[in-house]
Amino acid sequence: MSNNGFQPKLLAFCCNWCSYAGADLAGVSRLQMPHNLRVIRVMCSGRVSPEWVIKALSSGMDGVMVLGCHIGDCHYIDGNHRTKKRFAILAKLLGTMGINPNRLYLDWVSASEGVKFQDVVIKFVDRIKELGPTPIGAYQGVKVDR
Amino acid sequence: MIDKVRQLVVDLLDSGRADAVLALANVHANVQPYLYKKGDSLDSLALWPKYSMGPILKSIQAAQPDMKLAVVARGCDDRALVELAKRGQIDLNNVQIIGLACTADEATECECANPYPANIDVGNKVDGVASTDLLAELKGKSYDDRLIFWKQAFDKCIKCYGCRNACPLCICEECILEDDSWVKAGEIPPPFPIFHLIRAYHLSDKCVECGECQNSCPMDIPLTSLYALIRNEFNELFDYIPGAEIDRKSPLVTSLEEDPIREETA
Amino acid sequence: MNCDFVLTTCPYCGCGCNFYLQVIDGKAVGVVPCKTHPVSKGTLCIKGWNAHQFVHDEKRLTKPLIKKSGRFEEVSWDEALDYTAKRMLEIKEKTGPDSFGFLSSAKCTNEENYLLMKLSRGVMGTNNVDHCARL
């Protein structure tokens, strides 16, 4: 399959306190980024149920990012500890089922790291372009509007 | 072996240390769960095929919480009871466990890696089934081939919810898999891979390898293999075996200091 | 407290899967598939798994009802049976036996279903008889 011209559709869950502010900073700093990303703000990365990621991937999203505060900086003390653990096992589950776990990306972006936000988005878009469209969207009968 | 179980059951009932003993009975050539009480004949006592004792014990305790119960438990039952107690589903303080180690044949039939309870009262510990041909094959497959394998397997699913109903650890009061926004009612096969991945995630820190999901599957989907892989992954990450330690919480609900991740993810 | 497991055949279709109804103090609370049964071998479909639910359902009809001026009213068995017999004979007289269709239920026993078939064929004289479990 040629991936020429393939524009992935990506979803990011950003926590309210760090990553969403980081994304905001990247915006007001006018950092250039690919436009493949849709952002959903959540109060904490620990609020992101793995079910949502599974649903996103099978609804035609080619990749899902979960961005939270750095470990130790969580607004809710250890919300992101759970995120890290859940997504560690979720990545393994995706791999077991045959979905490349690289379609899932977990990282920590603080409110001051606008540049890091830009960086992880660019790298993730490149990574998904490499991987191609999600193989499971088709199984759901989803017509992806790219 | 069965005589020893009989003796233990009689002792518990006659001495009054247990009001009732949950075991299996052979009634008219069918084996069923049975709640033995004092004075019942134990001629009918049976050990195989196994039934999942955890949920039955839970329903009995729900009806009468103060009953002193004993239960004949294999390795998987033992782990299920521990895991249920940990999650507040049953109270083990009033329960005595008669630990029954499975025979080599039984372990082979269940493809069970740990066919013995923590404390063995009857039977001898035998080695479990470390791996199967299918597990080795699945591990060797590429992501794409695995996806095709599971897609084909789950295409057979008639959405009977048998895996969920039979699972001793499926304990949610409201099941997300019955919610129309996740799984549409009246459509088979259920959406792949949402249905099975959500169940797999929910069971990742609970699965006690009883194999009831596969035993109850009318379409012979190799669920025990899926869950064996998941248990391995979970154990590699967190050094945790569901049902093994009653005092240890699931790593998914603790912080990184309490329970670190062993292997960093890619 | 009593906890019994009552072996029974699934009422829903003709496959004949067997399961145990878990009965706690006279109330059916759950279904446990029978692992030793040669037909179902410990498996069930979604209907069998939920077969205990209708047993104690509040919406089950326990008394005969007749619709009078647009409303169902509770009546005695005698009145219900007399009324039904009278209307059935009237209709048979007027439009013939084939204006009837008899639909039986999987939640009845084999014997009850047999009797309905007899009523349909022997008494009313029509072959329009069917059953919800005719898969």
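Bear in mind that the values here come from a model prediction, so they are computed numbers and not experimental data. In this numbering scheme, every chain counts its residues from 1 along its sequence in written order. Ligands are numbered from 1 and chains lettered from A, in the order in which they are written. It should be noted that, the model being predicted, local features are given only for residues of pLDDT at least 70 and side-chain atom pairs only at 80 or more, the latter also being counted only at that level, while totals for whole chains, interfaces and linings use all residues. Side-chain numbers here rest on the full set of heavy atoms in the structure, without hydrogens or water.

Asker: With reference to specific residues and values, describe the overall build of chain A.
Answerer: Only runs of H or I of at least four residues qualify as helices and only runs of E of at least two qualify as strands under DSSP, and these elements are numbered from the N terminus. Looking only at helices and strands, chain A features four helices and four strands. Whereas a compact globule of 146 residues would reach a radius of gyration of roughly 15 Å, chain A reaches 15 Å, a difference of no more than 12%. If you line up chain A on its principal axes, its C-alpha atoms span 40 × 35 × 20 Å. Residue burial is assigned from relative accessible area. The probe radius is 1.4 Å, only protein chains are included, and a residue is buried under 20% of its type maximum, exposed over 50%, and partly exposed in between. The buried share of chain A, taken over its 146 residues, is 55%. Two things to know: the radius of gyration comes from C-alpha atoms, and the globule rule equals 2.2 Å times the number of residues to the power 0.38.

Asker: Would you mind going over the confidence of the model for chain C in detail, with residue names and values included?
Answerer: Residue and element names in this part refer to chain C. The pLDDT averaged across chain C works out to 93; a share of 99% of its residues lies at or above 70. Per-residue confidence from the predictor is reported as pLDDT, which spans 0 to 100. No element of chain C has a lower mean pLDDT than strand E7 (residues 129-131), at 90, and none a higher one than strand E2 (residues 18-24), at 97. The ipTM, which scores confidence in the relative placement of chains, is 0.92 for this predicted complex, and the corresponding pTM is 0.90.

Asker: Help me get a handle on the side chain of Ser58(A), residues and values and all.
Answerer: All names here are of chain A. Of note, Ser58 is situated in helix H2 (residues 50-58). Exposure remark for Ser58: the relative accessible area of 1% places this residue in the buried category. Within the structure, the side chain of Ser58 is placed 2.7 Å from the backbone oxygen of Ile54, a separation counted as a polar contact. The definition of a polar contact used here is a pair of N or O atoms within 3.5 Å, where within protein one atom must be able to donate a hydrogen and the other to accept one, and adjacent residues in sequence count solely through side-chain atom pairs.

Asker: Could you give me a rundown of the interface of chain C and chain B, with the residues and numbers involved?
Answerer: In this analysis, two residues are considered to be in contact whenever any of their non-hydrogen atoms come within 4.5 Å of each other. Counting residues at the interface gives 21 residues for chain C, matched by 29 residues for chain B. For salt bridges, the criterion is a side-chain nitrogen of Lys or Arg within 4 Å of an Asp or Glu carboxyl oxygen. Linking chain C with chain B are one salt bridge. For Lys35(C), the salt bridge goes to Glu212(B), with nearest N and O atoms at 2.9 Å. If you look at where chain C meets chain B, you find nine residue pairs in polar contact (both at pLDDT 80 or more). At the level of secondary structure, the elements contributing two or more residues to the side of chain C that touches chain B comprise strand E1 (3-9), E2, strand E3 (27-33) and helix H1 (46-49) of chain C. Note on residue categories: nonpolar means Ala, Val, Leu, Ile, Met, Phe, Trp, Tyr, Cys or Pro, charged means Asp, Glu, Lys or Arg, and polar means any other residue, Gly included. Classifying every residue of the side of chain C that touches chain B gives 13 nonpolar, six polar and two charged.

Asker: Describe in detail the state of the cysteines, supporting the description with residues and values.
Answerer: Any two cysteine sulfur atoms lying within 2.5 Å of each other are counted as a disulfide. A complete count under the given rule lists one disulfide over all chains for this structure. Cysteine Cys45(C) is unpaired, with the sulfur of Cys10(C) as its nearest cysteine sulfur at 6.2 Å.

Asker: Which residues make up the packing of aromatic side chains, and what are the values?
Answerer: The geometry of an aromatic ring pair comes down to the distance between the two centres and the angle between the two planes. Stacked, edge-to-face and tilted labels apply to pairs of Phe, Tyr and Trp rings (six-membered ring for Trp) whose centres lie within 6.5 Å, assigned for plane angles under 30 degrees, over 60, and everything in between, in that order. Here the structure, examined in full by the defined rule, presents 12 aromatic pairs over all chains. Centre to centre, the rings of Phe13(A) and Trp52(A) are 5.7 Å apart; their planes meet at 40 degrees, and the pair counts as tilted. Of the two residues, Phe13(A) is situated in strand E1 (residues 10-15) and Trp52(A) in helix H2; the sequence distance between them amounts to 39 residues. The exposure class assigned to Phe13(A) is buried, which follows from its relative accessible area of 4%. A centroid spacing of 5.9 Å and a plane angle of 65 degrees characterise the contact between Phe234(B) and Tyr240(B), whose relative ring orientation is edge-to-face. A connected cluster of aromatic rings, assembled from ring pairs, spans Phe149(B), Trp150(B), Phe154(B) and Phe192(B). As a reminder, the over-ring test applies to NZ of lysine and CZ of arginine, requiring each to be within 6 Å of the ring centre and within 35 degrees of the ring normal. Lying across the ring of Trp182(B), Lys55(A) places its NZ or CZ 5.4 Å from the centre.

Asker: Before we move on, could you go through the sheet that holds E1(A) and cite the residues and values that matter?
Answerer: The strands making up a sheet associate through backbone hydrogen bonding, with each pair oriented either parallel or antiparallel. All names here are of chain A. In this description, strands pair whenever DSSP reports at least two bridges between them. With respect to topology, four strands assemble into an open sheet ordered E2-E1-E3-E4, the strand pairing being parallel. Of all the strands in the sheet, the pair left with one neighbour each is strand E2 (37-42) and strand E4 (104-108). When strand polarity is set aside, the average angle formed by the axes of neighbouring strands in this sheet is 20 degrees. Sheet contacts for helix H1 (residues 19-28): E1, E2 and strand E3 (63-68); angle to E1, the most-contacted strand, approximately 115 degrees. Helix axes are fitted to C-alpha atoms over the stretch in contact, other axes to C-alpha atoms as well, and angles between N-to-C directions run from 0 to 180 degrees.

Asker: Tell me about the nonpolar core, and please be specific about residues and values.
Answerer: Counting residues in each nonpolar core, the largest one holds 97 residues, and the members touching the most others are Val53(A), Ile60(B), Trp150(B) and Tyr227(B). At nine residues, helix H10 (residues 223-238) of chain B tops the list of elements feeding residues into this core. Contact partners of Val53(A), with chain neighbours within four places excluded, come to Phe13(A), Val48(A), Val64(A), Phe87(A), Leu90(A) and Leu104(A). Only buried Ala, Val, Leu, Ile, Met, Phe, Trp, Tyr and Cys residues count toward a nonpolar core, and they belong to the same one when joined by side-chain atoms within 4.5 Å.

Asker: Tell me about a negative patch on the surface, and please be specific about residues and values.
Answerer: Residues and elements named next belong to chain B. Together, Glu173, Glu174, Asp179, Asp180 and Glu187 make up a region of like negative charge exposed at the surface. Position of Asp180 among the secondary structure elements: in the loop between helix H7 (162-166) and helix H8 (194-203). Asp180 sits in the partly exposed class, given a relative accessible area of 44%. Patch membership requires over 30% relative accessible area and the absence of a salt bridge. Like charges are linked within 9 Å, and nonpolar side chains (Val, Leu, Ile, Met, Phe, Trp, Tyr) within 5 Å. Only the protein chains shown count as cover for residues, with accessible areas throughout obtained via the Shrake-Rupley method and a probe of 1.4 Å. Just so you know, the count uses Lys and Arg for positive and Asp and Glu for negative, and it drops His and the chain ends. To locate a charge, the coordinates of NZ of Lys, CZ of Arg, CG of Asp or CD of Glu are taken.

Asker: So, the domain arrangement of chain C: which residues are in play, and what are the values?
Answerer: All names here are of chain C. Domain extents, as shown, originate in an automatic or database domain assignment. When cut into domains, chain C gives domain 1 (3-49), domain 2 (61-95) and domain 3 (97-135). On the side of domain 3, four residues touch domain 1, which itself brings four residues to the contact. Sorting the residues of domain 1 by area buried against domain 3 places Pro11, Tyr12 and Cys13 first, and these three jointly supply 84% of that buried surface. At the junction of domain 1 with domain 3, the criterion picks out zero salt bridges. Our count for the contact surface shared by domain 1 and domain 3 stands at zero residue pairs in polar contact (both at pLDDT 80 or more). Taken together, the residues of the side of domain 1 that touches domain 3 sort by class into three nonpolar, one polar and no charged. The quantity reported as buried area is the accessible area (1.4 Å probe) lost by two parts once they are put together, taken as the sum for both.

Asker: Kindly report on the interface of chain B and chain A, identifying the contributing residues and their values.
Answerer: Contacts between chain B and chain A engage 40 residues on the former and 29 residues on the latter. Counting the contacts that link chain B with chain A gives zero salt bridges. Joining chain B to chain A, the criterion identifies 10 residue pairs in polar contact (both at pLDDT 80 or more). Of all the secondary structure elements, the ones that give two or more residues to the side of chain B that touches chain A are helix H6 (143-155), H8 and H10 of chain B. Among the residues forming the side of chain B that touches chain A, the class breakdown is 25 nonpolar, seven polar and eight charged.

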